[in-house]
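# Secondary and tertiary structure notes
Each chain, written out:
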Protein chains: 2
Amino acid sequence: MWQLYHFSLCPFSRKTRLALSEKGVAYELRREYPWDGSEEFYSRNPAGRTPVLHDPARDVTLIDSQAICEFFEETIDKTPLILGNAAQRAEIRRLVALFDQNFFADVTHPLMHEKMKKRLILRAAPDSGMLRNAMRLAHEHLEYIDWLVGNRRWLAGSQMSLADFAAAAQISVADYLGGIDWGGHDEAHGWYRVMKSRPSFRPLLTEKMEGLPPPRHYGDVNS
Amino acid sequence: MWQLYHFSLCPFSRKTRLALSEKGVAYELRREYPWDGSEEFYSRNPAGRTPVLHDPARDVTLIDSQAICEFFEETIDKTPLILGNAAQRAEIRRLVALFDQNFFADVTHPLMHEKMKKRLILRAAPDSGMLRNAMRLAHEHLEYIDWLVGNRRWLAGSQMSLADFAAAAQISVADYLGGIDWGGHDEAHGWYRVMKSRPSFRPLLTEKMEGLPPPRHYGDVNS
Ligand SMILES: N[C@@H](CCC(=O)N[C@@H](CS)C(=O)NCC(=O)O)C(=O)O
Ligand SMILES: N[C@@H](CCC(=O)N[C@@H](CS)C(=O)NCC(=O)O)C(=O)O
């Protein structure tokens, strides 16, 4: 069976878990902390980044959430997530990159640093200017999601795709860390509620990090 | 004909140009500056990032270098760049992500900021600590390339792939900015000389940015 070295609040681990689960791929979880990985984890990925997927039986190691998702897209027919014609697939990949890279750099990463790393590791107070800036940028990204779902059924077009899971993975981590305010974002909020209520999402919403409880609404699929 | 909105020292624009040229796709260049893009450019990509590829005839816009490369991999058979079986393709994508993300964040981006942006726009002196750090990290990445080409014919395996072009694109920008010291990296240097001598690379090596000349050896395929 596949073993997924992951970190609960790593949005790329979450994106990978959602995609594997949607495609019906069985896997076992191995918990790692990016700031203190196991020797085994570093031996599999010297770059020290989660997620890493390893199959001991076939001695295959897959690294990078997008490389992993493309691998299963190519090998498993169930629930295509990078679908449509070449231009539609390019649109899906554009949005995946936008959330994996820009949303992460603008919102998720600063929140992880200020609210998680400073609290659990550095034992320092968060920088309120940094937090304000991350939340301002979160609003801009949510506005773009409002626009997308106002014009399309799902983020990348008429069908649910990896773009929806990449975006929801980032948002779920930001939401856990108290960085998402849905005020004024009804369209995006409606879309996220649908994502949250998928069975693939359920396990993520019940996981808690010790010493860092999520806000009350976080796991509630109706709010 | 495709129009590529690019920036000469953007490594992702370079990776895209190399891939298009290897695959025999004709395109026209439109020069943009990431810090001062044209209205037309922002209307095509509100995120304001190069590269963007646009086909006016079919009104198709492709954004993100990896989405663009995957698009042509799917639509043009000539010179496959993401090739082999699914695991080999995952290895190519892992390395592309490593160079696009880690090499860029560790080396290319700090060099662009310290040596290009500060000189041309901010009119400030580069921070020597930042430069030293970028060059130290460049050595670590070159060491990894030494190791890869010591164990494989090309970076991702027995065949030339997009991993080679992604890496060479980053290195060529870092080299333009004086950030590459090949001392102690004979294997990586040999591999890069081969990349440099490909016809697809030639146009990149002759382009100069005004006010920012490259080091003497930069365009020389023998050094
Ligand atoms: N592009 C990678 C990004 C992975 C990544 O940045 N993971 C973070 C955790 S969210 C990490 O492991 N950071 C530790 C580090 O960079 O040293 C992917 O999609 O898998
Ligand atoms: N993942 C993107 C990265 C593109 C990117 O970061 N481009 C830089 C220039 S090297 C840019 O346009 N930066 C301006 C900005 O982010 O505002 C790709 O591969 O195309």
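Here, the structure is the one placed above.
The present account deals with the structure reproduced in this document. (Residues numbered from 1 in each chain as written. Chains lettered and ligands numbered in written order. Predicted model: local features only at pLDDT ≥ 70, side-chain atom pairs only at ≥ 80, totals over all residues. Heavy atoms only, no water.)

### Structural notes on the interface of chain B and chain A
The partner chain A presents 20 residues to the 20 residues of chain B that form the contact. Overall, the association of chain B and chain A removes approximately 1,800 Å² of surface from exposure, summing both partners, and the carbon and sulfur fraction of that is 59%. Across the contact surface, chain B and chain A share eight residue pairs in polar contact (both at pLDDT 80 or more). Among the elements of the structure, β4 (60-63), α3 (65-75) and α4 (86-122) of chain B are those that each provide at least two residues to the side of chain B that touches chain A. (Contact = heavy atoms within 4.5 Å. Buried area = accessible area lost by both parts, 1.4 Å probe. Polar contact = N/O pair within 3.5 Å; in protein donor to acceptor, adjacent residues only side chain to side chain. Helix = DSSP H or I, 4+ residues; strand = E, 2+ residues; numbered from the N terminus.)

### Here we look at the packing of aromatic side chains
Geometry of an aromatic ring pair is reported as the spacing of the ring centres plus the angle between the planes. All names here are of chain A. Taken as a whole, this structure holds 30 aromatic pairs over all chains when the rule is applied. Ring geometry for Y144 against W147: centres 6.0 Å apart, planes inclined by 5°, an arrangement best described as stacked. Within this pair, Y144 and its partner W147 are both found in helix α5 (residues 128-151), separated by three residues, close to a single helical turn. Residue class for Y144 comes out partly exposed when judged on its relative accessible area of 23%. (Phe/Tyr/Trp six-rings, centres within 6.5 Å; stacked < 30°, edge-to-face > 60°. Buried < 20%, exposed > 50% of the residue type's maximum accessible area, 1.4 Å probe, protein only.)

### Details of the sheet that holds strand β2 (residues 27-31) of chain B
Residues and elements named next belong to chain B. Pairing within the open sheet is mixed, and its four strands lie in the order β2-β1-β3-β4. Looking along the sheet, the strands with just one partner apiece sit at the ends: β2 and β4. For this sheet, the mean inter-axis angle between neighbouring strands, taken without regard to orientation, is 20°. Two strands pair when backbone bridges link them, and strand β1 (residues 2-6) and strand β3 (residues 52-55) are joined in this way by three bridges, in the antiparallel orientation. Counted as the bridge partner of Y5 is V52 from β3. α3 contacts β1, β3 and β4 of the sheet and is inclined by roughly 125° relative to β4. (Pairing = 2+ DSSP bridges. Axes fitted to C-alpha atoms, helices over the stretch in contact; angles between N-to-C directions.)

### A few points about the site of ligand 2
Around ligand 2, the neighbouring residues are Q101(A), C10(B), P11(B), F12(B), P34(B), G48(B), R49(B), T50(B), P51(B), D64(B) and S65(B). Nearby residues place ligand 2 at the junction of chains A and B. A distance of 2.9 Å separates a nitrogen atom of ligand 2 from a polar backbone atom of T50(B). In this structure, an oxygen atom belonging to ligand 2 sits 2.5 Å away from a side-chain N or O atom of S65(B). For ligand 2, the accessible surface in isolation is 520 Å², of which the surrounding protein chains cover 78%. Looking at side-chain class alone, the shell around ligand 2 contains five nonpolar, four polar and two charged residues. (Near = heavy atom within 4 Å. Areas by Shrake-Rupley, 256 points an atom, 1.4 Å probe, with all protein chains shown as cover. Nonpolar A, V, L, I, M, F, W, Y, C, P; charged D, E, K, R; others polar.)

That is the geometry; function is a separate question.
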